[in-house]
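In case you want the letters, here they are:
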Amino acid sequence: MTGRFFQIDRRSWRKACDVGLNAAVAYLVLATGTGGDNRTTSWSANAIEQRTGVSRSRAYASIRVLQETGLIQFKRGDSRPQHFLTPADKVAGIGGHAHPEWIWLPNTLVNGAASETPPVERLRRLGDIRPLKLLVELYHEQLLADNGGLHWRLIRQNFQREKVSEAGHYTFWSFVEGTDALWWDGPFESFRTGKTSENGRDLGSEDVWAALQAIRDSGLVECVPHLVEADSDEAEIIHPCPIDIGIDVEQRLGAAVRVFTEALAGSMTQSIIGLGEDVIAVNAAFPNVEMVGIYRLHYRPQTRGTAAWFAQSSMWEDWIGGYHKLTADPKAASPLVRSPNLQYQGISKEIKGVQRA
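Computed from a predicted model, the values in this text were never measured in an experiment.

(A) Region of interest: the overall build of the protein chain. Along the backbone of the protein chain there are 13 helices and 11 strands. Counting across all 357 residues of the protein chain, residues that qualify as buried make up 50%. Taking as baseline every contact in the protein chain between residues at least 6 positions apart, the subset at least 24 positions apart corresponds to 65%. Put simply, the protein chain shows about 16300 Å² of open surface, and 48% of that area lies on carbon and sulfur atoms.

(B) Summary view of the sheet that holds strand β11 (residues 290–297). Read across the open sheet, the 6 strands follow the order β9-β8-β11-β6-β7-β10; overall the sheet is antiparallel. Edge positions in the sheet fall to β9 (237–240) and β10 (278–283), since each has one partner strand and no second. Strand-to-strand twist across the sheet, computed as the mean angle between neighbouring axes with direction ignored, equals 40°. Summarising the sheet, strand β8 (residues 221–228) and β11 pair through 8 bridges and their orientation is antiparallel. For Leu 227, the partnering residue across the bridge sits in β11 and is Met 291.

(C) Layout of helix α4 (residues 56–68). Here α4 is 13 residues long and its end C-alpha atoms lie 18 Å apart, about the 18 Å a rise of 1.5 Å per residue gives. Every buried residue of α4 is accounted for by Ala 59, Ser 62, Ile 63 and Leu 66. Buried residues of α4, viewed axially, fall in a sector of 100°; they line one side. Residues Ser 57, Arg 58 and Glu 68 are exposed on α4 and point more than 90 degrees away from its buried face. On the buried face of α4, the contacting elements are α2 (21–32), α3 (45–51), β3 (72–76) and β4 (82–85).

(D) View of the packing of α2 against α4. Running from N to C, α2 and α4 point in directions that differ by 85°, and their axes come no closer than 9 Å. Put simply, α2 runs roughly perpendicular to α4. Taken together, the residues of α4 that come into contact with α2 (itself represented by Asn 22, Ala 23, Ala 26, Tyr 27 and Leu 30) are Arg 58, Ser 62, Ile 63 and Leu 66. Residue classes in the contact of α2 with α4 are distributed as 6 nonpolar, 2 polar and 1 charged.

(E) Looking closely at the sheet that holds strand β2 (residues 40–41). An order of β2-β4-β3 is seen for the 3 strands of this open sheet, with the pairing classed as antiparallel. What marks the edges here is a single partner per strand, and that holds for β2 and β3. Across 2 bridges, β2 lies against β4 in antiparallel orientation. Bridged to Thr 40 within β4 is Phe 84. Across the sheet, α4 touches β3 and β4, and the angle it forms with β3 is around 110°.

(F) Spatial organisation of the pairing of strand β7 (residues 170–182). Note that strand β6 (residues 155–167) and β7 share 11 bridges and pair antiparallel. In the strand pairing of β7, Ile 155 is matched with Leu 182. The antiparallel hairpin formed by β6 and β7 contains 2 residues in its connecting segment, where Gly 168 sits at a positive phi of about 60°. Bridge count for β7 against β10 is 6 bridges, and the pairing is antiparallel. Residue Phe 175 lies in a different strand from β10, and its bridge partner there is Asp 278.

(G) The packing of aromatic side chains, seen in detail. Enumeration according to the criterion identifies 5 aromatic pairs in this entry. Geometrically, the ring pair formed by Phe 260 and Tyr 323 is tilted, given 5.6 Å between the ring centres and 35° between the ring planes. Linking Phe 260 in helix α10 (residues 248–265) with Tyr 323 in helix α13 (residues 313–328), this pair joins segments that are 63 residues apart in sequence. The pair Phe 260 / Tyr 323 is uniform in exposure class, with both members buried. One Lys or Arg, Arg 51, reaches over the ring of Trp 43 and ends 4.0 Å from the middle of that ring. Cation over ring: Arg 161 sits above Trp 173, and NZ or CZ is 4.2 Å from the ring centre.

(H) Local environment of unusual backbone geometry. Even without being a glycine, Asn 38 presents a positive backbone phi close to 60°. Mapped onto the elements of the fold, Asn 38 is located in the loop between α2 and β2. Assessed through its relative accessible area of 10%, Asn 38 is described here as buried. With phi around 55°, Ala 114 is a residue other than glycine that occupies positive phi space. Note on placement: Ala 114 falls in the loop between α5 (108–111) and α6 (119–124). Judged by its relative accessible area of 85%, Ala 114 falls in the exposed class.

(I) Just the pattern of salt bridges, in detail. Under the counting rule described, the total for this entry stands at 22 salt bridges. A salt bridge links Arg 14 to Glu 137; its shortest N-O distance comes to 2.9 Å. A residue pair is termed long-range when its members are at least 10 positions apart, and Arg 14 in helix α1 (residues 10–19) and Glu 137 in helix α7 (residues 129–141) qualify at 123 residues. Accessibility expressed as a relative area gives 3% for Glu 137, which makes it buried. The partner of Arg 258 in a salt bridge is Asp 278, and the shortest N-O contact between them spans 2.6 Å.

Rules behind the numbers
- Residues numbered from 1 in each chain as written.
- Predicted model: local features only at pLDDT ≥ 70, side-chain atom pairs only at ≥ 80, totals over all residues.
- Heavy atoms only, no water.
- Helix = DSSP H or I, 4+ residues; strand = E, 2+ residues; numbered from the N terminus.
- Buried < 20%, exposed > 50% of the residue type's maximum accessible area, 1.4 Å probe, protein only.
- Contact = heavy atoms within 4.5 Å.
- Areas by Shrake-Rupley, 256 points an atom, 1.4 Å probe, with all protein chains shown as cover.
- Pairing = 2+ DSSP bridges.
- Axes fitted to C-alpha atoms, helices over the stretch in contact; angles between N-to-C directions.
- Expected span 1.5 Å × (residues − 1).
- Arc of directions from axis to C-beta.
- Parallel < 35°, antiparallel > 145°, perpendicular 65-115°, else oblique.
- Nonpolar A, V, L, I, M, F, W, Y, C, P; charged D, E, K, R; others polar.
- Phe/Tyr/Trp six-rings, centres within 6.5 Å; stacked < 30°, edge-to-face > 60°.
- Lys NZ or Arg CZ within 6 Å of the ring centre and 35° of its normal.
- Salt bridge = Lys/Arg side-chain N within 4 Å of Asp/Glu carboxyl O.

By themselves, these figures tell us nothing about what the structure is for.
This is the structure:
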């Protein structure tokens, strides 16, 4: 494609994965080379060989298999061969509705960034289709602007919460890192066996966590702590709250709220912080606040959704400025204000008017 992202139908992707690892890799490479119709590609075996460790002969064999299954169609056979990615509802064994189930993917998954080994090639070398299949399907679930990544009720890192004290409009909570958890929905459902082990866990648990660990070890996903209103499907993110992970503005915001917490609490939290616990002052308007680690895919397609998420950085900058003002005069800390349309207006009167992107 001429842009920095491409798209594939989730149903076609699953079909390609059913065929085999090399076929799935070939399908991604061919899709990366599609034009504005997201269907026609001039990339062929040469492109597969250049971007992966798949040899020319195996690349040709993978293309033939994709043709035989109907996932792609041969269009032109001169010095610049062309193929057409068949709509999923026209592929034998898929059928169904004509509306595509698009997955938006960054070109860097296949091409790599700078001189690095492309992510698809890193996962191909594992010789296991499951991490690659899962990675691509996770892109279907990610909503950066709304959820900061993958929704915390799909997968997350847990934090144990304990109330420490109160001061004015603020409650002091300690958050201690816990284990990760996931729900058997979306891309994880295919790992579920329906059979349980002696400890009551589904027998597919080990496989799904192994696939996730492979993705993580390859540097393709990170887990960024966020404060959220509550542990529910309806709750919203309050703001990111990391220490040493996430983008720069998120890390500075995490530092700002912790400095404000210490200024507001004085010496009260020193003994707790000394024990290694993370204490955060949260406005009492959020009695059910939770800290959750939100999984976020490292490479992001340059879509409007990604742009909307980056636009939120201006809001995070305003939160940082507000926390800095409150740190200078913690006794002036005022409640978080909401507008009638439920969009946040800031953490203090000084920054009232800031809205979520």
